[in-house]
Number of protein chains: 2
Amino acid sequence: MLIKRLSIIGVGLIGGSLARALRGVCGEIVGCGRNRANLQKAVELGVIDRYETVPASAVNGADMVIVAVPLGSMAAMFAAIRDALSPDAVISDVGSAKASVVEDARQHLGEHFRRFVPAHPIAGTEKSGVAASFAELFEKRRVIITPLSETDSAAYAKVSAMWEKTGADVVDMSVEHHDKVLAATSHLPHLLAYSLVDTLAKMEASTEIFSFAAGGFRDFTRIASSDPRMWRDICIANQKAILEMLAHFNDDLADLTDAVRSGDAERIENIFGRAKAARDNFCG
Amino acid sequence: MLIKRLSIIGVGLIGGSLARALRGVCGEIVGCGRNRANLQKAVELGVIDRYETVPASAVNGADMVIVAVPLGSMAAMFAAIRDALSPDAVISDVGSAKASVVEDARQHLGEHFRRFVPAHPIAGTEKSGVAASFAELFEKRRVIITPLSETDSAAYAKVSAMWEKTGADVVDMSVEHHDKVLAATSHLPHLLAYSLVDTLAKMEASTEIFSFAAGGFRDFTRIASSDPRMWRDICIANQKAILEMLAHFNDDLADLTDAVRSGDAERIENIFGRAKAARDNFCG
């Protein structure tokens, strides 16, 4: 068994899918959360073997602890489990921003910080909760691990092996680079989608307007159905990189707006053509 | 037969799909375009019966003429076919903006303008060309017709009946309202998608950045793979409504940026929550 006892704190889409994917390589899977009904459902679905509602109890005897809670809850969670962690427990997370989690872990995990391995699976859907979880979520997806100079190499190896078992492709990256890449490819798009839908929702004829939205609009705004609290936390946690990307985007949108205002067909077509070429090239 | 001879000028995704959908209710379908290879393929695929490369020849004897060319080519096309149109020919289009097409038709169709019925099927994919066309494209989609006070009622009825045959749901709207609704639900999202991909493509590590884009990013940017020339024309044709929507969006994005900058979690969550509620409500 790669993992004797796996403790998953936060049995939602990511935590639940990880538990499902690791079924064959874990002795026991213990879930933890605040919502007893959700945990009960997770047991019924066979996602976890049992659950605890007190984090310190959930990590008791676990050799692998995955903290899959919103970024804003990480610090309190690390503080809550620290004194109950086994001396050799490996701790990891699935947060969408890494600098803030690393800082929280450094402050609150004490001597266990060496065995904390920051990780982020680049996978998910706009849905939330254990009912939306599935074992194949991470197959052929990237998982970014951002080890620190002080990270224990055995702990790193165990987290890396765990993610490989889910079918994911594990890559290393620095904390800072991770946060920039994710601000560009994930955080900025989410902010734009939320902002666009909000703009339309505030319009006078919004009900009628939405009724004329076609397939392109549905795809474009799908990520605006994501969990608002989770994304609020990401904005707070990755503020610096997100503001930088927003500034870049604003400059480029101002440029395009200027081209539209001046009716400059060639400039507009150049921008659209560059974007189409990049998208076709990178997204297939 | 609803239509004795249908002339489709521009046998691409929309024109080709319309021809396919009307197979059973047309005596003959004549295609027209500049690209002979594309027209030959359309004949081989059974989309059209034959083709002409000179527009005046293509409309000869047709009782229904659909002009499915980019918005920037409408004026010249109307001028090119005017003198060859049958006295009772009904003319329609599929343009994504209506004020500019109506103005072009008014200026160039002469006495045939009464039988010009402006229409816009709210359907499409990011793909282009007759190879991407399919008969079911318009099923259960909306087709907006924007008749004018001078529009001939029999011509209106024939265009309306034609679209109903494709399985579409036909609705009437004023030209101005159409252009506002489409700026909100289609044109603005396309501009944002193009602009975002362009922003990322210009970054130093763009190749690496795109390689970490997940499913949400692919959906969000799918419309940035749309035809740059077609969308350039839409920006020119619907400039006023697009600039108004861009201004609204900019205000709201500035508001969200300010909330992120000040770390105002509650304000961020309110914006995201409103957007999610609207999206879940309207898009299911």
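The following refers to the structure shown. This structure is a prediction, so every number in the text was calculated from the model and none was measured. (Residues numbered from 1 in each chain as written. Chains lettered and ligands numbered in written order. Predicted model: local features only at pLDDT ≥ 70, side-chain atom pairs only at ≥ 80, totals over all residues.)

What follows is about the interface of chain B and chain A. If you look at the interface, chain B gives 70 residues, while chain A gives 70 residues. Of all elements in the fold, only α7 (175-201), α8 (206-211), α9 (215-221), α10 (228-237), α11 (239-261) and α12 (265-283) of chain B reach the threshold of two or more residues within the side of chain B that touches chain A. Top contributing element to the side of chain B that touches chain A by residue count: α7 of chain B, with 17 residues. Taken together, the residues of the side of chain B that touches chain A sort by class into 43 nonpolar, 12 polar and 15 charged. (Contact = placed C-beta atoms within 7 Å. Helix = DSSP H or I, 4+ residues; strand = E, 2+ residues; numbered from the N terminus. Nonpolar A, V, L, I, M, F, W, Y, C, P; charged D, E, K, R; others polar.)

This brings us to the pairing of strand β4 (residues 64-67) of chain B. Residues and elements named next belong to chain B. Alternating positions in β4 separate into two faces, M64 and I66 on one and V65 and V67 on the other, with burial throughout. Relative to β4, strand β1 (residues 3-9) runs parallel, the two being bridged by 4 bridges. Directly across from S7, in β4, lies its bridge partner V65. You can see the chain leave β4, run along helix α4 (residues 74-81) and come back into strand β5 (residues 90-93), and the turn it takes is right-handed. (Buried ≥ 20, exposed ≤ 12 C-beta atoms within 10 Å, placed from the backbone. Pairing = 2+ DSSP bridges. Right-handed = clockwise from strand over helix to strand, strands pointing away.)

A rise of 1.5 Å per residue sets the reference length of helix α12 (residues 265-283) of chain A, with its 19 residues, at 27 Å; its end C-alpha atoms lie 26 Å apart and thus fit the reference within 8%. Buried residues belonging to α12 of chain A abut α11 (239-261) of chain A together with α7, α9 and α10 of chain B. (Expected span 1.5 Å × (residues − 1).)

I8 and V65 of chain A together with I8 and V65 of chain B are the most contacted members of the largest nonpolar core, which has 202 residues in total. Sequence-distant contacts of V65 of chain B, defined by excluding residues within four places in its chain, comprise S7, I9, V59, I81, L85, A89 and I91 of chain B. (Core = buried A, V, L, I, M, F, W, Y, C linked by C-beta atoms within 7 Å.)

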